[in-house]
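# Structure assessment
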Amino acid sequence: MNQTKVCIKVPASTANLGPGFDCLGMALDIYAWIEMDFALKTKIILHGEQMLGIPLDKSNLIYKVAQMVFAEAGVSHPELEIAMYSEIPLTRGLGSSASAIIGGMVAANALIGNLLSQDKIFLMATQLEKHPDNVGASLFGGIVVASWDGVRADYIRIAPHERLEVLVAIPEFQLSTELARHALPKEVSMKDAVFNLSHSSLLVAALCSGNLEMIRHAMQDVLHQPYRAALVPGMEMILKEATDHGALGVALSGAGPTLLALVDKTSHEKAGLAEFMQNTLLKEDIKSTMMWLKPEALGVQVLANSVSLAELAAHK
Ligand code: HSE
């Protein structure tokens, strides 16, 4: 059976980048790995402590998305062996569920000789997540500008600027996307809609043209962050002041609670910025892990050589 086994590496992602609510995403250089093979009886192995609590039966998300791919391709493979290891923190706004969806779909598609196109996978993953930003970034890599109207999912990928680096403050508490979406109003004013349209457009233009100075002005939002601020104490101050401490721009990462700063990698203010973000959260009694990340230019990959997930987990 082992000749068929596939091994997938899929990046984490951040969504929204401030004003681009449900339409901008960026892949980041932390990853999940998924192995998948046909089997006689379904078996799911999860490596690493943070996977505790994730279902090991056919209710597992990766198993379920694999079955969606098979159904769409018109083939039947009800029994699978799946192994997973992820270094992407769960439920923190770094796209862990999108990486599982994309990883599971791409693994299943690779197992059946890529019967589905990448665009089909993008559409299916978007239908499942209900927004294209995280899944688009994990699938295609780089910065993804995407739209989803309930029927069509479209996207254009932008290569991340080579000087862009990413600092994330990952609070120790989890925040479900569902809860963070419930905090949002059902309707917004024309003024707020125009504010976000203009800032999101400006941000995309800044990222495309390499105008890094414009990011601080462009990366402002009134559609979701103000409503989510109460869920992440300290966030308001970080959003207001991080640019004074050397950030090019700052945002809530996806639905949070992680806060994300874009930074010029040549900046001399990196240590001060990290200290400011971490201390601001600490003042609210929130411990956080600071991580320096890079935009990941590559999307999900089917690896030519299998890696040992147990070894990856052991070295963390
Ligand atoms: N765009 C989504 C949101 C991302 O902000 O709710 C969730 O990860």
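No experiment lies behind these values; they were computed from the predicted model shown.

Near the ligand the following residues occur: Ala15, Asn16, Phe21, Asp22, His131, Asp133, Asn134, Thr177, Arg181, Arg228, Gly254 and Ala255. Taking Arg228, its side chain carries an N or O atom lying 2.8 Å from an oxygen atom of the ligand. Notes on the ligand: free accessible area 260 Å², of which the protein chains cover 96%. Looking at the shell around the ligand, the elements that each hand over two or more residues are α4 (133-140) and α5 (177-182). For the shell around the ligand, the per-class residue count stands at three nonpolar, five polar and four charged. Both domains that meet at the shell around the ligand, namely domain 1 (6-159 + 296-314) and domain 2 (164-293), each give it at least three residues.

Turning our eyes to something else, we now look at the UniProt feature "domain: GHMP kinase N-terminal" (unreviewed entry) in the chain. UniProt's feature table lists "domain: GHMP kinase N-terminal" (unreviewed entry) at residues 60-142, given in the numbering used throughout. With 59% helix and 8% strand, the stretch residues 60-142 has end C-alpha atoms that lie 28 Å from each other.

Turning next to the pattern of salt bridges. According to the stated counting rule, one finds seven salt bridges in the structure shown. Note that Glu35 and Lys5 form a salt bridge whose closest N and O atoms lie 3.7 Å from each other. Remark: Lys5 occurs in the segment before β1 (6-15) and Glu35 occurs in strand β2 (residues 24-38); sequence separation between them is 30 residues. For Glu35, a relative accessible area of 12% gives the class buried. Lys5 gets classed as partly exposed once you look at its relative accessible area, which sits at 35%.

With that settled, consider the packing of helix α1 (residues 61-73) against helix α3 (residues 118-129). Running from amino to carboxyl end, α1 crosses α3 at an angle of 130°, the nearest separation of the two axes being 12 Å. Of the possible angle classes, the one that applies to α1 and α3 is oblique. Considering only the axes of α1 and α3, their crossing is right-handed. Each of Val65, Met68, Val69 and Glu72 in α1 lies in contact with α3, whose residues at this interface are Lys120, Ile121, Met124 and Leu128.

About the cut-offs
- Note that residues are indexed from 1 along each chain, following the sequence as it is written.
- Where local features are concerned, this predicted model is filtered to residues with pLDDT of at least 70; where side-chain atom pairs are given and counted, the filter is 80 or more; whole-chain, interface and lining totals use all residues.
- Note: side-chain values were computed over all heavy atoms of the structure, leaving out hydrogens and water.
- A molecule or strand has a residue near it when one of that residue's heavy atoms lies within 4 Å.
- Any pair of nitrogen or oxygen atoms within 3.5 Å is treated as a polar contact; in protein, a donor-acceptor pairing is required on top of that, and neighbouring residues in sequence qualify only through side-chain atoms on both sides.
- Note on areas: Shrake-Rupley with a 1.4 Å probe; residue coverage comes only from the protein chains shown.
- Helix and strand definitions follow DSSP, with helices as H or I runs of at least four residues and strands as E runs of at least two, each counted in order from the N terminus.
- Here the term charged refers only to Asp, Glu, Lys and Arg, the term nonpolar to Ala, Val, Leu, Ile, Met, Phe, Trp, Tyr, Cys and Pro, and the term polar to all other amino acids, Gly among them.
- Note: domain ranges come from an automatic or database domain assignment.
- UniProt positions are given in the numbering used here, feature names are shortened, and annotations may be inferred rather than shown by experiment.
- When a carboxyl oxygen of Asp or Glu is within 4 Å of a side-chain nitrogen of Lys or Arg, the pair counts as a salt bridge.
- For each residue, the accessible area found with a 1.4 Å probe, counting protein chains only, is set against the maximum for its type, and the residue is called buried under 20%, exposed over 50%, and partly exposed in between.
- All axes here are fitted lines through C-alpha atoms, helices being fitted over the stretch that makes contact, and every angle between N-to-C directions spans 0 to 180 degrees.
- Roughly parallel means an angle under 35 degrees; roughly antiparallel means over 145; roughly perpendicular covers 65 to 115; every other angle is labelled oblique.
- Put simply, a crossing is left-handed when the front helix is turned counterclockwise from the back one by less than a right angle, and right-handed when it is turned clockwise.
- A contact between two residues is defined here by any heavy atoms of the two lying within 4.5 Å.

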